[in-house]
Amino acid sequence: MSKPVVLIAEELSPATVDALGPDFEIRHCDGADRADLLSAIADVDAVLIRSATRIDAEAIAASRKLKVVARAGVGLDNVDVSAATKAGVMVVNAPTSNIVTAAELACGLLISTARNIPQANAALKNGEWKRSKYTGVELAEKTLGVVGLGRIGVLVAQRMAAFGMDIVAYDPYVQPARAAQMGVKLLTLDELLATADFITVHLPKTPETLGLIGDEALHKVKPTVRIVNAARGGIVDEAALLSALKEGRVAGAGLDVYTTEPCTDSPLFEFDTVVGTPHLGASTGEAQEKAGVSVAKSVRLALAGELVPDAVNVQGGVIAEDVRPGLPLAERLGRIFTALAGEVAQRLDVEVRGEITQHDVKVLELSALKGVFEDVVAETVSYVNAPLFAQERGVEVRLTTSSESPDHRNLITVRGTLTSGEVVSVSGTLAGPKHQQKIVGIGQHTLDLAVADHMAFLRYTDRPGVVGTLGRILGESGINIAGMQVARAEEGGEALIALTVDGTIPSAVLSEVAAEVGATSARGVNLAD
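A brief structural summary. (Residues numbered from 1 in each chain as written. Predicted model: local features only at pLDDT ≥ 70, side-chain atom pairs only at ≥ 80, totals over all residues. Heavy atoms only, no water.)

Points about the overall build of the protein chain
1) Next: Regarding its fold elements, the protein chain presents 17 helices and 22 strands.
2) Next: Relative to the compact-globule value of 24 Å for 529 residues, the protein chain shows a C-alpha radius of gyration of 25 Å, a close match.
3) Next: Dimensions of the protein chain, computed from the C-alpha atoms along their principal axes, are close to 80 × 70 × 45 Å.
4) Next: Scored against the burial criterion, the 529 residues of the protein chain give a buried share of 52%.
5) Next: Long-range contacts, defined as pairs at least 24 residues apart, comprise 63% of the intrachain contacts of the protein chain with a sequence gap of at least 6.
6) Next: Carbon and sulfur atoms make up 50% of the accessible area of the protein chain, which totals about 23400 Å².
7) Next: Here the protein chain carries 48 positive and 66 negative side-chain charges, and the mean point of each set is 2 Å from the other. (Helix = DSSP H or I, 4+ residues; strand = E, 2+ residues; numbered from the N terminus. Rg over C-alpha atoms; globule rule 2.2 N^0.38 Å. Buried < 20%, exposed > 50% of the residue type's maximum accessible area, 1.4 Å probe, protein only. Contact = heavy atoms within 4.5 Å. Areas by Shrake-Rupley, 256 points an atom, 1.4 Å probe, with all protein chains shown as cover. Lys, Arg positive; Asp, Glu negative; His and termini not counted. Charge placed at Lys NZ, Arg CZ, Asp CG, Glu CD.)

Now the structure itself:
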């Protein structure tokens, strides 16, 4: 029997090939050369890439037997995960390979902005001895504000605490007790902005976090603050940062990521107080080796038909065909739950009902958890690390099943109890032969609304005129309503509007709607990414 073929499309560490072992035929190609890639991928079982190779629908279609795409790194911008999933191709990455490396770089940028190390080095090498010009500030007894207390944020907090810094953090998805265990005080974002001497950002890039540290935020900080962004370009608004530096409202910045990359001519680089690096967050030999070895192990598992811990789009091992269509629905319900809740629940129940429960549906719990944390953490969330994120945040997770489902053939519900005791839930089902995803319940309200990329949910006291006000404000803002349902428990009681729209509703517009209709909550959901 011939050996499975593994194509290595970019230069990887020798340890990667060693980790694959002798059970595979190893081939090589230049993944950046499109013609070479499309020719080489035709008859391989797996392909290993880094960032220069683009595995899109064309590349996937060019392969007759591809089973695994393995990205030796964290990001998956160069992999069409949707096309791979439709083709039944597993996508794996190395989500924890660079967390230490990324944290260390953030610390390095922070120290560099405090002590002007790169600037002083450049001046000295240029024959200039300018001690007074590069006088810095101590870190000891200063306050570090960590925006995003995920794995990398935690590592940065731990390391900078050793410098004698007081650590505060903003992360609505972390329980105060969990933060207290780490010696970190949780604050609101406004409180952090006003308090911190240094701010470091460690968030995923989502429609909600894009531009989070923008003009409004940068009018709330100390003029002596120094800001570090080694997470994702665009979370710190570069134009707003430029204005703040020009006006003396920010003392300095350390940047490793940019809105558009590669970035070599930003006006920010004209400031001597700005330290910039060319997206070096994962650029260490150790991180690259960890990434290569990690995905090599995943390829071995996948081609052996075993559970793959770092599978991004499907769980390793056997999933019943009747269960498989429910995976994307459960994940989207998890994302909708997080948007509705606005925080991570203390307890999370994933309830599965109907005929589907004759199969093993544990993967649906994992898929829902994956969705719950998709927009919460900066790291890539997979079927196996999602429970770890829940454990780290003290979330109790429970799967319940029942063959009885009076109203739907199958029903998936994600229900969570928040710190206030409030219970938030969202239920969904698959309709028809094409498995159309539908939301059929939000809390006590019954719905029948197709899941869409852009949605919004408003709770308010039932009364006339609300729908008209909503339509007017969205119309004036150029936002088209694609679908809408109104549900209420009783006349004059709590009512719910659920709507789908053609694009993202800006938070300012959603706030305006909430204010005018007196909504008790108004949540936007963006599932496009």
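Considering the sheet that holds strand β18 (residues 445-450)
1) Next: An order of β14-β13-β15-β16-β17-β18 is seen for the six strands of this open sheet, with the pairing classed as mixed. The strands lining the two open edges of the sheet, one partner per strand, are β14 (396-402) and β18. Geometrically, the sheet is characterised by an average inter-axis angle of 20° between neighbouring strands, direction not taken into account.
2) Next: Here six bridges tie strand β15 (residues 410-417) to strand β16 (residues 423-431), and the two strands are oriented antiparallel to one another. Bridge pairing in β16 places Thr-413 opposite Ser-427.
3) Next: Packed on one face of the sheet, helix α13 (residues 326-341) meets β13 (347-354), β15, β16 and β17 (436-442) and runs near 155° to β16. (Pairing = 2+ DSSP bridges. Axes fitted to C-alpha atoms, helices over the stretch in contact; angles between N-to-C directions.)

Considerations on the environment of Val-423
1) Next: Topologically, Val-423 is positioned in strand β16.
2) Next: Distance from Val-423 to Gly-471, taken between C-alpha atoms, is 29 Å for residues 48 residues apart in sequence.
3) Next: Leaving out residues up to four positions away in the same chain, Val-423 has contacts with Arg-415, Gly-416 and Thr-417.

In short, shape yes, function no, at least from these values alone.
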